[in-house]
Amino acid sequence: MTANLVANPTLSIVIPVYNEEDGLQALFDRLYPALDTLAAKRKINYEIIFVNDGSKDRSAGILSKQVELRPDVTRAVLFHSNFGQHMAIMAGFEYAKGEYIITLDADLQNPPEEIDALTEQLLKGHDYVGTIRADRQDSFFRKFASRAMNRLRENITRITMTDQGCMLRGYSRRIVDLVRQCDESNTFIPALAYTFSANPVEIFVKHEERFAGESKYTLYQLIRLNFDLVTGFSIMPLQIFSILGMLLSLAAGSLFAYLLVRRFVLGAEVEGVFTLFALTFFLIGVMLFGLGLLGEYIGRIYQQIRKRPRYVVQTVLEKK
Ligand code: UDP
Ligand code: MG
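Source: prediction; values computed, not measured. (Residues numbered from 1 in each chain as written. Chains lettered and ligands numbered in written order. Predicted model: local features only at pLDDT ≥ 70, side-chain atom pairs only at ≥ 80, totals over all residues. Heavy atoms only, no water.)

(A) Quick look at helix 5 (residues 140–156). Between its first and last C-alpha atoms helix 5 spans 25 Å; for 17 residues at 1.5 Å apiece the expected length is 24 Å, and the two agree. Among the residues of helix 5, those classed as buried are Ser146, Met149, Asn150, Arg153 and Ile156. Along the long axis of helix 5, the arc covered by the buried residues comes to 145°, so they all point the same way. Exposed positions of helix 5 whose direction lies more than 90 degrees from the buried face are Phe140, Arg151 and Asn155. Lining the buried residues of helix 5 we find helix 8 (219–233) and helix 9 (236–266). (Helix = DSSP H or I, 4+ residues; strand = E, 2+ residues; numbered from the N terminus. Expected span 1.5 Å × (residues − 1). Buried < 20%, exposed > 50% of the residue type's maximum accessible area, 1.4 Å probe, protein only. Arc of directions from axis to C-beta. Contact = heavy atoms within 4.5 Å.)

(B) Examining the site of ligand 1 more closely. Every one of the 17 residues lining ligand 1 counts as a neighbour, but Glu20, Asp53, Asp107, Ser215 and Lys216 are closest to it. In the environment of ligand 1, an oxygen atom lies 2.8 Å from a nitrogen or oxygen atom belonging to the side chain of Arg142. Ser215 is positioned such that a nitrogen or oxygen atom in its side chain is 2.5 Å from an oxygen atom of ligand 1. When the free accessible area of ligand 1 is taken as 530 Å², the share hidden by the protein chains comes to 93%. Partitioning the shell around ligand 1 into residue classes produces five nonpolar, five polar and seven charged. (Near = heavy atom within 4 Å. Polar contact = N/O pair within 3.5 Å; in protein donor to acceptor, adjacent residues only side chain to side chain. Areas by Shrake-Rupley, 256 points an atom, 1.4 Å probe, with all protein chains shown as cover. Nonpolar A, V, L, I, M, F, W, Y, C, P; charged D, E, K, R; others polar.)

(C) A look at the coordination of the magnesium ion (ligand 2). Ligation of the magnesium ion (ligand 2) by protein atoms is provided by Asp107 (OD) and Gln109 (OE1), these donors lying 1.9 Å from the ion. This pair shows no difference in class: Asp107 is buried, exactly as Gln109 is. (Donors = N, O, S within 2.8 Å, 3.2 Å for Na, K, Ca; no water.)

(D) Up close: the sheet that holds strand 1 (residues 11–17). Spatially, 7-5-6-4-1-2-3-8 is the arrangement adopted by the eight strands of the open sheet, whose pairing is mixed. One side of each edge strand has no neighbouring strand; the edge strands of this open sheet are strand 7 (200–206) and strand 8 (313–317). Adjacent strand axes in the sheet meet at a mean angle of 20° when their direction is disregarded. Two strands pair when backbone bridges link them, and strand 2 (residues 46–52) and strand 3 (residues 74–79) are joined in this way by five bridges, in the parallel orientation. In the sheet register, Asn52 faces strand 3, and the bridge partner there is Leu78. (Pairing = 2+ DSSP bridges. Axes fitted to C-alpha atoms, helices over the stretch in contact; angles between N-to-C directions.)

(E) Spotlight on the environment of Met149. Structurally, the position occupied by Met149 is in helix 5. Along the primary structure Met149 and Ala34 are separated by 115 residues, whereas in three dimensions their C-alpha atoms are 33 Å apart.

(F) Here's a closer look at the environment of Arg142. Within the element layout of this structure, Arg142 appears in helix 5. In the structure, Arg142 is positioned 116 residues away from Ala26 in sequence and 25 Å away in space, judged by C-alpha atoms. With residues near it in sequence (within four places) discarded, Arg142 still touches Arg136, Ser215 and Leu222.

Below is the structure:
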(Lines give C-alpha, C1' and ligand atoms only; values in the text may rest on other atoms or scores of the structure.)
(Ligands and ions follow the chains in the order given, each with its own letter.)
Protein backbone atom coordinates (compact mmCIF):
# COMPACT_ATOMS: atom_id res chain seq x y z
CA MET A 1 0.00 0.00 0.00
CA THR A 2 1.41 3.36 -0.99
CA ALA A 3 1.33 6.23 1.43
CA ASN A 4 0.63 8.77 -1.24
CA LEU A 5 -2.80 9.75 -2.31
CA VAL A 6 -3.90 8.04 -5.51
CA ALA A 7 -3.53 10.58 -8.29
CA ASN A 8 -6.41 9.67 -10.55
CA PRO A 9 -9.12 7.79 -8.73
CA THR A 10 -12.03 6.46 -10.76
CA LEU A 11 -14.46 6.63 -7.88
CA SER A 12 -14.86 9.42 -5.33
CA ILE A 13 -16.96 8.88 -2.22
CA VAL A 14 -18.20 12.08 -0.60
CA ILE A 15 -19.40 11.91 3.00
CA PRO A 16 -20.74 14.90 4.98
CA VAL A 17 -20.04 14.65 8.70
CA TYR A 18 -21.71 16.66 11.42
CA ASN A 19 -21.30 15.62 15.05
CA GLU A 20 -20.88 11.94 14.27
CA GLU A 21 -18.13 11.04 16.79
CA ASP A 22 -19.95 7.95 18.07
CA GLY A 23 -20.57 6.47 14.66
CA LEU A 24 -17.44 7.27 12.64
CA GLN A 25 -15.36 4.26 13.73
CA ALA A 26 -18.19 1.91 12.86
CA LEU A 27 -18.46 3.64 9.49
CA PHE A 28 -14.71 3.21 8.80
CA ASP A 29 -14.92 -0.45 9.82
CA ARG A 30 -17.46 -1.15 7.09
CA LEU A 31 -16.64 1.48 4.48
CA TYR A 32 -12.95 0.68 3.87
CA PRO A 33 -13.34 -3.10 3.53
CA ALA A 34 -16.36 -2.60 1.25
CA LEU A 35 -14.42 -0.20 -0.97
CA ASP A 36 -11.22 -2.27 -0.97
CA THR A 37 -13.25 -5.26 -2.13
CA LEU A 38 -14.98 -3.17 -4.77
CA ALA A 39 -11.69 -1.73 -6.03
CA ALA A 40 -10.11 -5.16 -6.34
CA LYS A 41 -13.16 -6.67 -8.00
CA ARG A 42 -13.67 -3.88 -10.55
CA LYS A 43 -9.97 -3.00 -10.86
CA ILE A 44 -10.46 0.68 -10.15
CA ASN A 45 -9.04 3.22 -7.71
CA TYR A 46 -11.12 5.07 -5.20
CA GLU A 47 -10.82 8.01 -2.80
CA ILE A 48 -12.94 9.05 0.15
CA ILE A 49 -13.58 12.69 0.93
CA PHE A 50 -14.99 13.40 4.33
CA VAL A 51 -16.37 16.89 4.78
CA ASN A 52 -16.58 17.94 8.38
CA ASP A 53 -19.45 20.40 8.49
CA GLY A 54 -18.23 22.33 11.54
CA SER A 55 -18.86 19.53 14.04
CA LYS A 56 -18.78 20.62 17.65
CA ASP A 57 -17.67 17.20 18.89
CA ARG A 58 -14.52 15.13 18.26
CA SER A 59 -15.42 14.30 14.64
CA ALA A 60 -12.67 16.49 13.11
CA GLY A 61 -10.01 14.80 15.26
CA ILE A 62 -11.27 11.33 14.38
CA LEU A 63 -11.22 12.22 10.69
CA SER A 64 -7.68 13.59 10.85
CA LYS A 65 -6.54 10.36 12.50
CA GLN A 66 -8.20 8.40 9.72
CA VAL A 67 -6.35 10.48 7.11
CA GLU A 68 -3.13 9.36 8.84
CA LEU A 69 -4.25 5.74 8.87
CA ARG A 70 -5.32 5.51 5.23
CA PRO A 71 -3.56 8.42 3.52
CA ASP A 72 -3.63 6.56 0.23
CA VAL A 73 -7.37 6.97 -0.19
CA THR A 74 -8.57 9.47 2.41
CA ARG A 75 -8.98 13.21 2.44
CA ALA A 76 -10.84 15.39 4.89
CA VAL A 77 -12.16 18.85 4.15
CA LEU A 78 -12.85 20.81 7.30
CA PHE A 79 -15.37 23.64 7.58
CA HIS A 80 -14.95 25.96 10.51
CA SER A 81 -18.68 26.16 11.04
CA ASN A 82 -21.90 24.49 10.04
CA PHE A 83 -23.06 25.18 6.49
CA GLY A 84 -25.48 22.28 6.12
CA GLN A 85 -25.38 18.86 4.54
CA HIS A 86 -25.84 20.04 0.96
CA MET A 87 -23.06 22.61 1.17
CA ALA A 88 -20.79 19.96 2.68
CA ILE A 89 -21.51 17.73 -0.29
CA MET A 90 -20.88 20.67 -2.62
CA ALA A 91 -17.43 21.13 -1.05
CA GLY A 92 -16.84 17.40 -1.44
CA PHE A 93 -17.67 17.79 -5.14
CA GLU A 94 -15.12 20.57 -5.40
CA TYR A 95 -12.31 18.33 -4.16
CA ALA A 96 -13.44 15.07 -5.75
CA LYS A 97 -11.23 13.93 -8.61
CA GLY A 98 -13.06 10.79 -9.65
CA GLU A 99 -14.83 10.02 -12.88
CA TYR A 100 -17.78 8.87 -10.78
CA ILE A 101 -18.90 10.44 -7.54
CA ILE A 102 -21.05 8.76 -4.92
CA THR A 103 -22.50 10.52 -1.88
CA LEU A 104 -23.23 8.72 1.37
CA ASP A 105 -24.43 9.61 4.87
CA ALA A 106 -22.01 9.16 7.74
CA ASP A 107 -24.52 7.56 10.09
CA LEU A 108 -24.55 4.15 8.35
CA GLN A 109 -28.18 4.56 7.33
CA ASN A 110 -26.89 3.94 3.81
CA PRO A 111 -24.96 0.65 3.94
CA PRO A 112 -21.46 1.10 2.41
CA GLU A 113 -21.82 -2.35 0.85
CA GLU A 114 -24.40 -0.84 -1.54
CA ILE A 115 -21.77 1.40 -3.15
CA ASP A 116 -20.88 -1.50 -5.42
CA ALA A 117 -24.40 -1.63 -6.88
CA LEU A 118 -24.29 2.11 -7.64
CA THR A 119 -20.84 1.82 -9.17
CA GLU A 120 -22.09 -0.93 -11.43
CA GLN A 121 -24.81 1.36 -12.84
CA LEU A 122 -22.35 4.22 -13.29
CA LEU A 123 -19.90 1.97 -15.11
CA LYS A 124 -22.76 0.85 -17.34
CA GLY A 125 -23.07 4.44 -18.50
CA HIS A 126 -25.87 5.87 -16.39
CA ASP A 127 -25.00 9.44 -15.45
CA TYR A 128 -27.31 9.60 -12.43
CA VAL A 129 -28.05 6.76 -10.07
CA GLY A 130 -30.97 7.43 -7.75
CA THR A 131 -31.90 5.12 -4.94
CA ILE A 132 -35.06 3.93 -3.29
CA ARG A 133 -34.85 2.87 0.31
CA ALA A 134 -36.30 -0.57 0.67
CA ASP A 135 -37.91 -0.85 4.09
CA ARG A 136 -37.00 2.60 5.32
CA GLN A 137 -35.91 2.71 8.97
CA ASP A 138 -37.17 6.07 10.16
CA SER A 139 -39.92 7.33 12.41
CA PHE A 140 -43.51 7.10 11.17
CA PHE A 141 -43.74 10.88 11.07
CA ARG A 142 -40.63 11.20 8.88
CA LYS A 143 -41.89 8.55 6.48
CA PHE A 144 -45.34 10.10 6.25
CA ALA A 145 -44.03 13.64 5.80
CA SER A 146 -41.56 12.66 3.13
CA ARG A 147 -44.19 10.70 1.21
CA ALA A 148 -46.38 13.79 1.17
CA MET A 149 -43.48 15.99 0.03
CA ASN A 150 -42.55 13.49 -2.65
CA ARG A 151 -46.03 13.68 -4.06
CA LEU A 152 -46.12 17.47 -3.98
CA ARG A 153 -42.74 17.73 -5.67
CA GLU A 154 -43.74 15.27 -8.33
CA ASN A 155 -46.76 17.39 -9.18
CA ILE A 156 -45.13 20.79 -9.32
CA THR A 157 -41.69 20.03 -10.73
CA ARG A 158 -40.54 17.89 -13.61
CA ILE A 159 -38.25 15.93 -11.37
CA THR A 160 -39.13 12.27 -11.08
CA MET A 161 -37.53 10.70 -8.07
CA THR A 162 -39.22 7.90 -6.23
CA ASP A 163 -37.41 8.61 -2.99
CA GLN A 164 -36.05 12.12 -2.79
CA GLY A 165 -34.66 11.84 0.72
CA CYS A 166 -32.09 9.12 0.24
CA MET A 167 -28.64 10.69 -0.12
CA LEU A 168 -26.86 7.55 -1.26
CA ARG A 169 -26.58 8.56 -4.91
CA GLY A 170 -24.15 8.31 -7.79
CA TYR A 171 -23.27 10.98 -10.32
CA SER A 172 -21.02 11.15 -13.35
CA ARG A 173 -18.27 13.76 -13.54
CA ARG A 174 -20.27 15.80 -16.08
CA ILE A 175 -23.26 16.12 -13.73
CA VAL A 176 -21.13 17.06 -10.75
CA ASP A 177 -19.37 19.76 -12.77
CA LEU A 178 -22.73 21.16 -13.85
CA VAL A 179 -24.05 21.15 -10.29
CA ARG A 180 -20.93 23.01 -9.15
CA GLN A 181 -21.39 25.62 -11.86
CA CYS A 182 -24.88 26.44 -10.63
CA ASP A 183 -23.61 28.48 -7.73
CA GLU A 184 -26.91 28.30 -5.84
CA SER A 185 -26.97 29.33 -2.21
CA ASN A 186 -29.84 27.07 -1.18
CA THR A 187 -30.17 23.86 -2.99
CA PHE A 188 -31.13 20.26 -2.88
CA ILE A 189 -28.35 18.43 -4.68
CA PRO A 190 -30.14 15.26 -5.83
CA ALA A 191 -32.89 17.31 -7.50
CA LEU A 192 -30.48 19.76 -9.08
CA ALA A 193 -28.34 16.92 -10.39
CA TYR A 194 -31.37 15.15 -11.76
CA THR A 195 -32.26 18.14 -13.95
CA PHE A 196 -28.95 17.63 -15.81
CA SER A 197 -29.07 13.90 -16.19
CA ALA A 198 -29.48 12.33 -19.60
CA ASN A 199 -29.60 8.69 -18.66
CA PRO A 200 -30.81 8.34 -15.06
CA VAL A 201 -31.61 5.09 -13.32
CA GLU A 202 -33.03 4.19 -9.92
CA ILE A 203 -32.13 1.15 -7.87
CA PHE A 204 -33.31 -0.26 -4.56
CA VAL A 205 -30.88 -0.06 -1.64
CA LYS A 206 -31.06 -1.27 1.92
CA HIS A 207 -31.69 1.22 4.67
CA GLU A 208 -30.60 0.83 8.25
CA GLU A 209 -31.24 2.58 11.49
CA ARG A 210 -28.86 5.32 12.48
CA PHE A 211 -25.83 3.60 14.05
CA ALA A 212 -25.25 6.21 16.78
CA GLY A 213 -26.31 9.69 17.73
CA GLU A 214 -29.45 11.44 16.60
CA SER A 215 -30.77 12.86 13.37
CA LYS A 216 -29.14 16.22 12.74
CA TYR A 217 -32.34 17.58 11.29
CA THR A 218 -34.84 19.27 13.54
CA LEU A 219 -38.42 19.68 12.38
CA TYR A 220 -37.60 23.28 11.54
CA GLN A 221 -34.65 22.30 9.36
CA LEU A 222 -36.73 19.68 7.58
CA ILE A 223 -39.31 22.34 6.75
CA ARG A 224 -36.52 24.64 5.50
CA LEU A 225 -35.08 21.86 3.36
CA ASN A 226 -38.45 21.22 1.80
CA PHE A 227 -38.91 24.89 1.00
CA ASP A 228 -35.52 24.73 -0.73
CA LEU A 229 -36.72 21.78 -2.69
CA VAL A 230 -40.04 23.32 -3.73
CA THR A 231 -39.11 26.95 -4.28
CA GLY A 232 -35.73 26.04 -5.72
CA PHE A 233 -37.23 24.03 -8.52
CA SER A 234 -40.67 25.44 -9.17
CA ILE A 235 -42.47 28.76 -9.17
CA MET A 236 -45.79 26.99 -9.27
CA PRO A 237 -46.60 27.85 -5.62
CA LEU A 238 -46.49 31.53 -6.56
CA GLN A 239 -48.60 30.92 -9.64
CA ILE A 240 -51.17 28.89 -7.74
CA PHE A 241 -51.27 31.73 -5.32
CA SER A 242 -52.16 34.35 -7.86
CA ILE A 243 -54.89 32.11 -9.26
CA LEU A 244 -56.21 31.48 -5.76
CA GLY A 245 -56.15 35.22 -5.06
CA MET A 246 -58.08 35.84 -8.27
CA LEU A 247 -60.77 33.27 -7.45
CA LEU A 248 -61.09 34.51 -3.90
CA SER A 249 -61.48 38.14 -4.85
CA LEU A 250 -64.05 37.12 -7.41
CA ALA A 251 -65.97 35.19 -4.75
CA ALA A 252 -65.66 38.01 -2.23
CA GLY A 253 -66.86 40.49 -4.84
CA SER A 254 -69.96 38.40 -5.63
CA LEU A 255 -70.67 38.02 -1.95
CA PHE A 256 -70.51 41.77 -1.53
CA ALA A 257 -72.90 42.30 -4.44
CA TYR A 258 -75.27 39.69 -3.06
CA LEU A 259 -75.27 41.28 0.43
CA LEU A 260 -75.85 44.71 -1.07
CA VAL A 261 -78.90 43.53 -3.03
CA ARG A 262 -80.16 41.56 -0.05
CA ARG A 263 -79.92 44.64 2.15
CA PHE A 264 -82.27 46.54 -0.13
CA VAL A 265 -84.69 43.65 -0.60
CA LEU A 266 -84.80 42.12 2.91
CA GLY A 267 -83.27 44.86 5.06
CA ALA A 268 -80.06 44.77 7.10
CA GLU A 269 -78.98 41.36 8.35
CA VAL A 270 -77.24 40.67 11.63
CA GLU A 271 -77.13 36.91 11.74
CA GLY A 272 -74.76 36.78 8.82
CA VAL A 273 -72.11 38.76 10.69
CA PHE A 274 -70.32 35.67 11.80
CA THR A 275 -70.18 34.23 8.32
CA LEU A 276 -68.48 37.44 7.35
CA PHE A 277 -66.06 37.11 10.22
CA ALA A 278 -65.25 33.61 9.14
CA LEU A 279 -64.70 34.73 5.61
CA THR A 280 -62.52 37.62 6.69
CA PHE A 281 -60.32 35.42 8.80
CA PHE A 282 -60.02 32.97 6.00
CA LEU A 283 -58.96 35.70 3.63
CA ILE A 284 -56.47 37.08 6.13
CA GLY A 285 -55.02 33.60 6.49
CA VAL A 286 -54.66 33.26 2.77
CA MET A 287 -53.04 36.67 2.54
CA LEU A 288 -50.53 35.94 5.26
CA PHE A 289 -49.61 32.65 3.67
CA GLY A 290 -49.19 34.42 0.37
CA LEU A 291 -46.92 37.00 1.93
CA GLY A 292 -44.90 34.27 3.55
CA LEU A 293 -44.54 32.47 0.27
CA LEU A 294 -43.41 35.66 -1.45
CA GLY A 295 -40.95 36.03 1.39
CA GLU A 296 -39.51 32.60 0.70
CA TYR A 297 -38.71 33.54 -2.86
CA ILE A 298 -37.51 37.03 -2.03
CA GLY A 299 -35.29 35.64 0.71
CA ARG A 300 -33.67 33.38 -1.84
CA ILE A 301 -33.18 36.23 -4.29
CA TYR A 302 -31.55 38.19 -1.48
CA GLN A 303 -29.20 35.40 -0.56
CA GLN A 304 -28.34 34.86 -4.17
CA ILE A 305 -27.51 38.47 -4.97
CA ARG A 306 -25.32 38.88 -1.92
CA LYS A 307 -23.00 36.34 -3.51
CA ARG A 308 -21.46 35.33 -0.23
CA PRO A 309 -19.31 32.22 -0.32
CA ARG A 310 -21.60 29.29 0.26
CA TYR A 311 -19.10 27.60 2.51
CA VAL A 312 -15.66 28.29 3.86
CA VAL A 313 -13.05 25.58 3.97
CA GLN A 314 -10.70 25.83 6.91
CA THR A 315 -8.19 23.13 5.99
CA VAL A 316 -7.85 20.12 3.79
CA LEU A 317 -6.12 17.14 5.36
CA GLU A 318 -4.30 15.00 2.82
CA LYS A 319 -0.96 13.33 2.21
CA LYS A 320 0.38 14.51 -1.13
N1 UDP B 1 -25.10 16.50 8.11
C2 UDP B 1 -24.22 17.55 7.81
N3 UDP B 1 -24.58 18.82 8.17
C4 UDP B 1 -25.76 19.11 8.79
C5 UDP B 1 -26.65 18.04 9.06
C6 UDP B 1 -26.29 16.75 8.70
O7 UDP B 1 -23.15 17.33 7.25
O8 UDP B 1 -26.00 20.27 9.10
C9 UDP B 1 -24.72 15.12 7.72
C10 UDP B 1 -24.80 14.08 8.84
O11 UDP B 1 -23.59 13.99 9.55
C12 UDP B 1 -25.07 12.81 8.06
C13 UDP B 1 -25.92 13.30 6.90
O14 UDP B 1 -25.63 14.68 6.75
O15 UDP B 1 -23.90 12.24 7.55
C16 UDP B 1 -27.39 13.06 7.10
O17 UDP B 1 -27.80 13.62 8.32
P18 UDP B 1 -28.85 12.90 9.28
O19 UDP B 1 -28.54 11.45 9.37
O20 UDP B 1 -28.88 13.65 10.56
O21 UDP B 1 -30.20 13.12 8.47
P22 UDP B 1 -31.44 12.10 8.39
O23 UDP B 1 -30.88 10.74 8.08
O24 UDP B 1 -32.09 12.16 9.71
O25 UDP B 1 -32.25 12.67 7.27
MG1 MG C 1 -29.44 9.75 8.82
